[in-house]
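Overview (structure and organization)
What follows is each chain in one-letter form.
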Amino acid sequence: MNEDAILQVKVVPGASRDEVAGLYGDGIKLRVSTPAQKGMANQRACEILAQWLQWPQSQIELISGATQPRKRFRIAGLSQTMLQAKMQSLQ
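Right, let's talk about the overall build of the protein chain for a bit. Of regular secondary structure, the protein chain possesses two helices and five strands. Starting at the N terminus and ending at the C terminus, the protein chain contains elements arranged as β-β-β-α-β-β-α. Its C-alpha atoms give the protein chain a radius of gyration of 12 Å, near enough to 12 Å, the size a compact globule of 91 residues would have. Over its C-alpha atoms, taken along the principal directions, the protein chain stretches across nearly 40 × 25 × 20 Å.

Regular strands have side chains that alternate between both faces of the sheet. In strand β5 (residues 70–76), alternate side chains face the same way, and those of Lys71, Phe73 and Ile75 are buried while those of Arg70, Arg72, Arg74 and Ala76 on the opposite face are not. As defined by bridge partners, strand β1 (residues 4–12) adjoins β5 across seven bridges and the pair is classed as antiparallel. Bridging from a neighbouring strand, aspartate 4 pairs with alanine 76 of β5. The antiparallel hairpin formed by strand β4 (residues 60–64) and β5 contains five residues in its connecting segment, where glycine 65 sits at a positive phi of about 85 degrees.

What follows is about the sheet that holds β4. Strand order in the open sheet made by the five strands is β2-β3-β1-β5-β4, with mixed pairing throughout. Every other strand in the sheet has two partners, leaving β2 (19–24) and β4 as the edge strands with one partner each. Looking at each pair of strands side by side, their axes are set apart by 35 degrees on average, direction ignored. Across the face of the sheet, helix α1 (residues 40–53) comes into contact with β1, β2, β3 (27–31), β4 and β5 while running at roughly 120 degrees to β3.

The next point concerns the nonpolar core. One finds Leu7, Val9, Ile28, Leu49 and Ile60 to be the most contacted residues of the largest nonpolar core, which totals 21 residues. In terms of residue count, the dominant contributor to this core is α1 (eight residues). Setting aside its immediate chain neighbours within four residues, leucine 7 contacts Gly27, Ile28, Leu49, Trp52, Lys71, Arg72, Phe73, Ile75, Leu83 and Met87.

On to the pattern of salt bridges, then. Two side chains that carry opposite charge are able to pair once their charged atoms sit near each other. All chains considered together, the criterion is met by five salt bridges. Here arginine 17 makes a salt bridge to glutamate 19, at a shortest N to O gap of 3.3 Å. One salt bridge in this structure joins arginine 44 and glutamate 47, with 2.7 Å as the shortest N-O distance. Remark: glutamate 47 and arginine 44 occur in helix α1; sequence separation between them is three residues, near one turn of the helix. Among the ionic contacts, a cluster of salt bridges with common partners joins Arg17, Glu19 and Arg31.

Further remarks concern α1. Taking 1.5 Å of rise per residue, the 14 residues of α1 would be expected to cover 20 Å, and the 20 Å separating its terminal C-alpha atoms lies within 8% of that figure. The element α1 is extensively covered by neighbouring structure, given that ten of its 14 residues are classed as buried. Within α1 the residues assigned to the buried category are Ala41, Asn42, Arg44, Ala45, Cys46, Ile48, Leu49, Ala50, Trp52 and Leu53. For α1, the elements touching its buried residues are β1, β2, β3, β4, β5 and α2 (80–88). In the stretch just after α1, glutamine 54 is the one whose phi turns positive, near 55 degrees.

Thresholds, definitions, all that
Residues numbered from 1 in each chain as written. Predicted model: local features only at pLDDT ≥ 70, side-chain atom pairs only at ≥ 80, totals over all residues. Heavy atoms only, no water. Helix = DSSP H or I, 4+ residues; strand = E, 2+ residues; numbered from the N terminus. Rg over C-alpha atoms; globule rule 2.2 N^0.38 Å. Buried < 20%, exposed > 50% of the residue type's maximum accessible area, 1.4 Å probe, protein only. Pairing = 2+ DSSP bridges. Axes fitted to C-alpha atoms, helices over the stretch in contact; angles between N-to-C directions. Contact = heavy atoms within 4.5 Å. Core = buried A, V, L, I, M, F, W, Y, C linked by side-chain atoms within 4.5 Å. Salt bridge = Lys/Arg side-chain N within 4 Å of Asp/Glu carboxyl O. Expected span 1.5 Å × (residues − 1).

Written out as structure tokens, the structure is:
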């Protein structure tokens, strides 16, 4: 049975480096070096999430918050349990 995980992400554009900065509320905080222009920060956030999760970028979709700092991403084929385990590594 395929599941899709939903991840809440606070994205901080224009940072000095790209990184998963840690837990943020019920999700995570990402710092991205790209500016918040023309979707560039959203694209970079997807790339960073793919690297962090070791999951194909094509399976990660921004589902809400395209123009807001707080975003929701759907990770196709990744269970919420697996996502929670990965988030625990940030504590």
